[in-house]
Amino acid sequence: MMASGTSGNVEIPRTCKAGVVVNEGPDFKLVVDDVTVPEPGPNDALIKLNATGICYSDIHYMLNDLPIPKMSVFGVRSPGHEGAGVIVKLGSNVTNWKIGDRAGIKPAYDACFNCELCWSGKETYCDESPQIGLHFPGSYQQYVLSPARYTTRIPDGVDDFTAGPIMCSGSTIYCSLKESGLKPGDWAVFLGAGGGVGHMGVQLAKAMGMRVVGVDGGDDKRELCMKLGCEMFVDFTEVQDIAAEVVKTCDGKGAHGVFVTATSGSAYAAAPMMARISGKAMCIGLPPTGTAVAGADPLLIIGKNLSISGTKVGSLLDTQRALEFAARGLLKPIYETYPLAKMPDAVEKLRKGNVAGRLVVDFNS
Ligand SMILES: [Zn+2]
Ligand SMILES: [Zn+2]
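Since this is a predicted model, take the numbers as computed values, not measurements.

### Section: the UniProt feature "domain: Enoyl reductase (ER)" (unreviewed entry) in the protein
According to UniProt, the "domain: Enoyl reductase (ER)" (unreviewed entry) feature falls on residues 25–361. In residues 25–361, helix accounts for 29% and strand for 24%; the two terminal C-alpha atoms are 23 Å from one another.

### Description of the domain arrangement of the protein
One can read the domain layout of the protein as domain 1 (15–153 + 334–362) and domain 2 (171–310). Taken together, the contacts link 13 residues of domain 1 with eleven residues of domain 2. Taken together, the residues that form the side of domain 1 that touches domain 2 break down as seven nonpolar, three polar and three charged.

### Structural notes on the sheet that holds strand β9 (residues 211–216)
Strand order in the open sheet made by the six strands is β10-β9-β8-β11-β12-β13, with parallel pairing throughout. On the outer flanks of this sheet lie β10 (232–235) and β13 (307–310), each paired with one strand and no other. On average, each strand axis in the sheet is tilted by 20 degrees relative to the strand beside it, whichever way the strands run. Taken together, the four bridges between β9 and β10 define a ladder with parallel strand orientation.

### Describing the packing of helix α3 (residues 160–180) against helix α9 (residues 316–327)
Packing of α3 against α9 leaves a shortest axis separation of 8 Å and a crossing angle of 110 degrees. Comparing their axes, α9 and α3 come out roughly perpendicular. Crossing angle aside, the handedness with which α3 passes α9 is right-handed. Residues Thr162, Ala163, Ile166, Met167, Gly170, Ser171, Tyr174, Cys175 and Lys178 of α3 form the contact with α9, whose own contacting residues are Asp318, Thr319, Arg321, Ala322, Leu323 and Ala326. Broken down by class, the residue content of the contact of α3 with α9 amounts to eight nonpolar, four polar and three charged.

### What to know about α9
When the terminal C-alpha atoms of α9 are compared, their 17 Å separation across twelve residues agrees well with the 16 Å that a helix rising 1.5 Å per residue should span. Residues Asp318, Thr319, Ala322, Leu323, Phe325 and Ala326 constitute the buried set of α9. Projected down its long axis, α9 carries its buried residues within an arc of 150 degrees, all on one side.

### A word on the nonpolar core
Val189, Leu191, Val246, Val258 and Val260 are the most contacted members of the largest nonpolar core, which has 110 residues in total. No other element matches the nine residues that α3 contributes to this core. Each of domain 1 (15–153 + 334–362) and domain 2 (171–310) contributes no fewer than three residues to this core.

### As for the confidence of the model for the protein
With 98% of its residues at a pLDDT of at least 70, the protein reaches an overall mean of 95. In the model, residues 1–7 has pLDDT below 50 throughout and makes 13 contacts with residues more than four positions away in sequence or in other chains.

Reading the values: rules and limits
Residues numbered from 1 in each chain as written. Chains lettered and ligands numbered in written order. Predicted model: local features only at pLDDT ≥ 70, side-chain atom pairs only at ≥ 80, totals over all residues. UniProt positions renumbered as here; feature names shortened; annotations may be inferred. Helix = DSSP H or I, 4+ residues; strand = E, 2+ residues; numbered from the N terminus. Domains from an automatic or database assignment. Contact = placed C-beta atoms within 7 Å. Nonpolar A, V, L, I, M, F, W, Y, C, P; charged D, E, K, R; others polar. Pairing = 2+ DSSP bridges. Axes fitted to C-alpha atoms, helices over the stretch in contact; angles between N-to-C directions. Parallel < 35°, antiparallel > 145°, perpendicular 65-115°, else oblique. Left-handed = near helix turned anticlockwise from the far one by under 90°. Expected span 1.5 Å × (residues − 1). Buried ≥ 20, exposed ≤ 12 C-beta atoms within 10 Å, placed from the backbone. Arc of directions from axis to C-beta. Core = buried A, V, L, I, M, F, W, Y, C linked by C-beta atoms within 7 Å. pLDDT = per-residue confidence, 0-100.

Shown next, in the form of structure tokens:
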């Protein structure tokens, strides 16, 4: 548990530690280096992070395998978008935060708050919604800036190691569950159920009253998924026809919602086969460009009245809601902590895949 808020001046160093990418691209490396602590603009908060989660999107940005410009094009060396800590300095216009307040940053950095998307709770799709850790220095840097109006308050009872991963994965899968329209009693299947996003989806779906099936590979993931509330686990390393197995489990008819949190082409290909009539395939995991297609033969989509839809990261509201589930004890990210000096090892481990739950870096150890 982190200390709760105190007000007053906090001493701010001139430099801080940060995980920075070297040699962006397929052979990138992450190193821990000293960087300048940024100065907040009039509307910004400066946050001293205690924890940051390591998300596969960070790896994508460093590998540069998505159809977007490199981090360096924006002058950014530190990825990361799931940080939790305390406010240490505020811009002159900021009145609704105080020094010592607990705060978190999430994938979207800000939004315009003056367009249809922003007015309808879809501000993460706003034209003026840049990404932290891509367009702006991210949470691999201990002292980070965040526009005060887009900074998330961390509720009491949610420690920073729990809050970090919820800022991205937890709120992202909350958003997808909400948009799927699934109801209590419906079958929800998670492809990649034991991963960073999937294992939070399992918990949230269970808390929302859905019946949950996990699909993933290996005994670690099986154990985790069953512990978190899956009724059934399908191991893709053992079962040949995973879609048939899922359909059999879900009343012989298939799932109401299939949540693809995995990033493989085979997971995306299997999703429509697992859905029942009028089922939904929800796209969440980001495959490298050109390696996967979401969908199926139109005959299947027509014959099964399927919907395929994508959701990006959680909105301000989604993030708040996901944190509330955590405060109520219904969402507990499973994580392994790494000291700051071992951040490169954490990144390397996730890059190789096969992480059950989440890796979180502790800036204070
Ligand atoms: Zn993320
Ligand atoms: Zn907007």
